[in-house]
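Residue-level structural notes
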Amino acid sequence: MPKQIASEVEKSLRQRIAAGEWSHDGQLPAERDIAKEYAVARNTARRAINALVDEGVISRHVGRGTFVRPADEVDMNDILQRVTGVSPTDMMTVRRLVEPQAAAIAVTMASASDIDAIVEAHEMAKAERDPAKFEYWDAQIHHRIFKAARNELLMSLHDILRVIRNRDPWIELKRKRFSEERRLGYCAQHEDIVRMLKDRDAAGASDAMLVHMNAIEMNLFGRLN
C-alpha cells in the first residue's frame, strides 16, 4: 500500500509542477509539509520526491530546498553519468564524426614539436607487438592529434571519449578483436595520417582519419553503423 500511495503523491506533484504551481520561485514545499498536505508518512512523501529527483523533474540543493528544474537546464553530472555508459557502437559513431575534424584542425594549428610528438607515438606503436603496449601508443597518437588541434572544447570531448575507451566493455571488445594483422593495418593507417599532418594537408588528414575510423569499426563490429 505505501508504494501505491507514493506513486499517487508523485503523480499529483508532477501534475502540479506541470501546471506551474511553484513557478514563482521554483521551490517546492518541504518534505514534512508535503507529507502533511497529503496525509501520508514522511517516508512515503520522500519516495515520491525521490522519484521526481531521479527523473530530473526536480533537484535538491543542500541547505536551500527542493526546486523545479527548468526544462532547458543542463546538468553536467547527469551528462557525464549518461555518456560513460554509452555503447561501443555509439562511441564509434561519435569518433567517426569528431576525429577526422580534429586531424584537419591539427594540420592548421599544430607546431613542429606537436607533429614530432605524434610521429614519436606512431613509431612507438609500430615497434610494439604486445597488445596492451600497442594500445597505449595507439591511444597516444590520437591524444596528441587532439592536443595539437589546440581547441579546449574539442580536447574536453576527447577526454570524455578516453574515459569511455578505458571502461571494461570497450577494453574487452578490443581484446577479443585484436590480431597482428589488424595491428599492422592500423599502423599503415596511422602512417597515412601522419604523412598528411606533416604535409599540412587538412583534407587529406581528415580523409585518412576517416578511413582509420571505418577500419576500426569494421574490425570491431563487422559493419559500419
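Use the structure listed above.
Before going into details, it helps to say that this report is about the structure given with it. (Residues numbered from 1 in each chain as written. Predicted model: local features only at pLDDT ≥ 70, side-chain atom pairs only at ≥ 80, totals over all residues. Heavy atoms only, no water.)

Every buried residue of helix α2 (residues 31-38) is listed here: Glu31, Ile34 and Ala35. Here the buried residues of α2 occupy an arc of 100 degrees about the axis, which is enough to place them on one side. In α2, the exposed positions angled more than 90 degrees off the buried face are occupied by Arg32 and Lys36. Looking one or two places after α2, you find alanine 39, whose phi comes out positive at around 60 degrees. (Buried < 20%, exposed > 50% of the residue type's maximum accessible area, 1.4 Å probe, protein only. Helix = DSSP H or I, 4+ residues; strand = E, 2+ residues; numbered from the N terminus. Arc of directions from axis to C-beta.)

This paragraph deals with the packing of aromatic side chains. Here the structure, examined in full by the defined rule, presents two aromatic pairs. With 6.1 Å between their ring centres and 50 degrees between their planes, phenylalanine 134 and phenylalanine 178 make a pair best called tilted. Remark: phenylalanine 178 occurs in the loop between α9 (168-177) and α10 (180-198) and phenylalanine 134 occurs in helix α7 (residues 131-149); sequence separation between them is 44 residues. Among the residues examined, phenylalanine 134 registers a relative accessible area of 2% and is labelled buried. Both rings, one in tyrosine 136 and one in tryptophan 137, keep their centres 5.0 Å apart while their planes meet at 80 degrees; by these two values the pair is edge-to-face. For tyrosine 136, a relative accessible area of 46% translates into the label partly exposed. (Phe/Tyr/Trp six-rings, centres within 6.5 Å; stacked < 30°, edge-to-face > 60°.)

Glancing now at the pattern of salt bridges. Overall, the coordinates contain 18 salt bridges when judged by the stated rule. Residues arginine 14 and glutamate 10 are paired through a salt bridge, measuring 2.5 Å at the closest nitrogen-oxygen approach. Taken together, the positions of arginine 14 and glutamate 10, both in helix α1 (residues 2-18) and four residues apart, correspond to about one turn of that helix. Since its relative accessible area comes to 30%, arginine 14 is described here as partly exposed. (Salt bridge = Lys/Arg side-chain N within 4 Å of Asp/Glu carboxyl O.)

This part takes up the packing of α7 against α10. When two helices pack together, you describe them by how their axes are tilted relative to each other and by the distance separating the axes. Between α7 and α10, the least distance of the axes is 12 Å, while the angle of their chain directions is 25 degrees. As judged from the angle between their axes, α7 and α10 are roughly parallel. For the element pair α7 and α10, the recorded crossing hand is left-handed. Between α7 and α10, the residues in contact are Phe134, Asp138, Ile141, His142 and Ile145 and Arg183, Tyr186, Cys187, His190, Ile193 and Leu197, respectively. Residue composition of the contact of α7 with α10, grouped by class: seven nonpolar, two polar and two charged. (Axes fitted to C-alpha atoms, helices over the stretch in contact; angles between N-to-C directions. Parallel < 35°, antiparallel > 145°, perpendicular 65-115°, else oblique. Left-handed = near helix turned anticlockwise from the far one by under 90°. Contact = heavy atoms within 4.5 Å. Nonpolar A, V, L, I, M, F, W, Y, C, P; charged D, E, K, R; others polar.)

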